[in-house]
Amino acid sequence: MAAPQVASAGLPPALADATRDETSLRRFLHGLPGVDQVGVEQRAAGLATRSIKKASKLWAIDTAISMVDLTTLEGADTTGKVRSLCAKARRPDPERPDVPKVAAVCVYPDMVETAAKELQGTGVDVASVATAFPSGRSSLRIKIADTELAVESGATEVDMVIDRGAFLSGQYGKVFDEIVTIKQASGNAHLKVILETGELTTYDNVRRASWLALLAGGDFIKTSTGKVSPAATLPVTHVMLQAVRDWHTETGELRGVKPAGGIRNTKDAIRYLVAVHEVAGEDWLSPKLFRFGASSLLNDLLMQRRAQLEGHYSGPDYVTVD
């Protein structure tokens, strides 16, 4: 491991020293406090039971809409499907112009050019998965080319996957160097680092992977590709929110969190917003620092929003489908 300067520049001495070499990185990651499994699961379950006042629900729904990364990552994706998704991102409810735009549209690299044209000047970001998504099983050369294709085509955000095999076998330096390299290849695009927490097996591994990604320069840490079960869970998201909160305490920098996969309804989205507020803090209640990776969530948010305003449930026929 040869830690590039881009990762350690500006870090407090203790964190900069952690990236000096493989031994230092291992010592730091294994020196992090262990996660109390029972404690984190109980707290997540307890916060999930909290209700919010009716007056706050519309705000919560609009906030969640503004945090959605509207996503299509299928082998059957077409330019027509991506254009339709972009139209929905710009104007989620065509009959209600006051509905916020979503945060981003997330597509494969070869669909970025289409999305970028459709979203130009709208304020909606174009996110692209990269680095041999979803497996991450390819050479670094291919992963760099994948990233460069996305950015050159107009991506303003890159969602990379870490090499879980390398991480689980203790090759932390390899994972660190790869994230730093992809960060450099991303240029001015924001980098979201997908941990694929369903394959990390323990909360301690989630905490270590979160800190590893933050040390390497990730702007966001993301739970999942959405292709592995389990995907996002509240306890795992709590652990990741703790990591970005503690990172801010240590460095003064604000980094984001993105749960992805399995968040399909408004009730679940609000549970995540409560967790964000209680675990990380109010600063994170912004699409700049918290996102939902989702495809079907937006429809339920729109239906629930109409129910709040109209006093009755309209049903799925009253919103556009993906």
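Before any of the text, the structure's been laid out above.
Thresholds applied
- Residues numbered from 1 in each chain as written.
- Predicted model: local features only at pLDDT ≥ 70, side-chain atom pairs only at ≥ 80, totals over all residues.
- Heavy atoms only, no water.
- Buried < 20%, exposed > 50% of the residue type's maximum accessible area, 1.4 Å probe, protein only.
- Helix = DSSP H or I, 4+ residues; strand = E, 2+ residues; numbered from the N terminus.
- Pairing = 2+ DSSP bridges.
- Lys, Arg positive; Asp, Glu negative; His and termini not counted.
- Salt bridge = Lys/Arg side-chain N within 4 Å of Asp/Glu carboxyl O.
- Polar contact = N/O pair within 3.5 Å; in protein donor to acceptor, adjacent residues only side chain to side chain.
- Core = buried A, V, L, I, M, F, W, Y, C linked by side-chain atoms within 4.5 Å.
- Contact = heavy atoms within 4.5 Å.
- Axes fitted to C-alpha atoms, helices over the stretch in contact; angles between N-to-C directions.
- Parallel < 35°, antiparallel > 145°, perpendicular 65-115°, else oblique.
- Left-handed = near helix turned anticlockwise from the far one by under 90°.
- Nonpolar A, V, L, I, M, F, W, Y, C, P; charged D, E, K, R; others polar.
- Disulfide = S-S within 2.5 Å.

**Focus: the pairing of strand β1 (residues 68–71)**
So, point 1. The two faces of β1 match: V68 and L70 on one face and D69 and T71 on the other face are all buried.
So, point 2. By the bridge criterion, three bridges tie β1 to strand β8 (residues 292–294) in an arrangement that is parallel. Counterpart to V68 in the pairing with β8 is F292.
So, point 3. Two elements, β1 and strand β2 (residues 104–107), share three bridges in a ladder whose sense is parallel.

**A few points about the side chain of D300**
So, point 1. With respect to the helices and strands, the residue D300 is situated in helix α14 (residues 297–310).
So, point 2. Of the side chains with opposite charge, K57 comes closest to the buried, unpaired D300, at an N-O distance of 8.1 Å.
So, point 3. Among the polar contacts made by the side chain of D300, one reaches the main-chain amide nitrogen of T266 at a distance of 2.7 Å.

**With respect to the nonpolar core**
So, point 1. Of all hydrophobic cores here, the largest spans 91 residues; its most connected members are I179 and F292.
So, point 2. If we ignore the near neighbours within four places in the chain, the residues touching F292 are A64, M67, V68, D69, K258, P259, I263, A269, Y272, L273 and L297.
So, point 3. Grouped together as the second largest cluster of nonpolar side chains are eight residues, A104, C106, V161 and I194 included.

**Describing the environment of V129**
So, point 1. Mapped onto the elements of the fold, V129 is located in strand β3 (residues 125–130).
So, point 2. Sequence separation of V129 and T147 is 18 residues, and the distance between their C-alpha atoms is 8.2 Å.
So, point 3. Beyond its immediate stretch of four places on either side in the chain, V129 contacts L73, C106, V107, Y108, P109 and D159.

**Digging into the packing of helix α5 (residues 54–66) against α14**
So, point 1. Where α5 meets α14, the axes come as close as 10 Å, and the angle between the chain directions of the two elements is 150 degrees. As judged from the angle between their axes, α5 and α14 are roughly antiparallel. As α5 runs across α14, the sense of the crossing is left-handed. Between α5, through K54, K57, L58, I61, D62, A64 and I65, and α14, the contact on the second element is made entirely by L298, L301, L302, Q304, R305, Q308 and L309.
So, point 2. Class assignment of the residues belonging to the contact of α5 with α14 gives a composition of eight nonpolar, two polar and four charged.

**Things to note about the sheet that holds β1**
So, point 1. Taken in spatial order, the eight strands line up as β7-β6-β5-β4-β3-β2-β1-β8 in an open sheet, and their pairing is parallel. The strands lining the two open edges of the sheet, one partner per strand, are β7 (256–258) and β8. Put simply, the sheet's adjacent strands are angled 25 degrees from each other on average, direction ignored.
So, point 2. Two elements, β3 and strand β4 (residues 157–161), share four bridges in a ladder whose sense is parallel.

**Observations regarding the packing of α5 against helix α13 (residues 266–280)**
So, point 1. Look at α5 against α13: their axes get within 10 Å of each other, and the N-to-C directions meet at 90 degrees. Relative to α13, the element α5 is oriented roughly perpendicular. Here α5 contributes K57, A60, I61 and A64 to the contact with α13, which in turn contributes T266, A269, I270 and L273.
So, point 2. Residues of the contact of α5 with α13, tallied by class, amount to six nonpolar, one polar and one charged.

**Section: the state of the cysteines**
So, point 1. Enumeration according to the criterion identifies zero disulfides in this entry.
So, point 2. Here C86 is not disulfide-linked; the sulfur of C106 is the nearest cysteine sulfur, at 11 Å.
So, point 3. On the accessibility criterion, C106 (1% relative accessible area) is buried.

**Comments concerning the pattern of salt bridges**
So, point 1. Under the counting rule described, the total for this entry stands at 29 salt bridges.
So, point 2. Taking the shortest distance from any N to any O, the salt bridge between K258 and D69 comes out at 2.8 Å. Of the two residues, K258 sits in strand β7 while D69 sits in strand β1, which places them 189 residues apart along the sequence. Accessibility assignment for this pair places K258 and D69 in one class, buried.
So, point 3. Note that E113 and K117 form a salt bridge whose closest N and O atoms lie 3.6 Å from each other. Taken together, the residues span about one helical turn, with E113 and K117 both in helix α7 (residues 112–119) at a distance of four residues.
So, point 4. K117 sits in the exposed class, given a relative accessible area of 59%.

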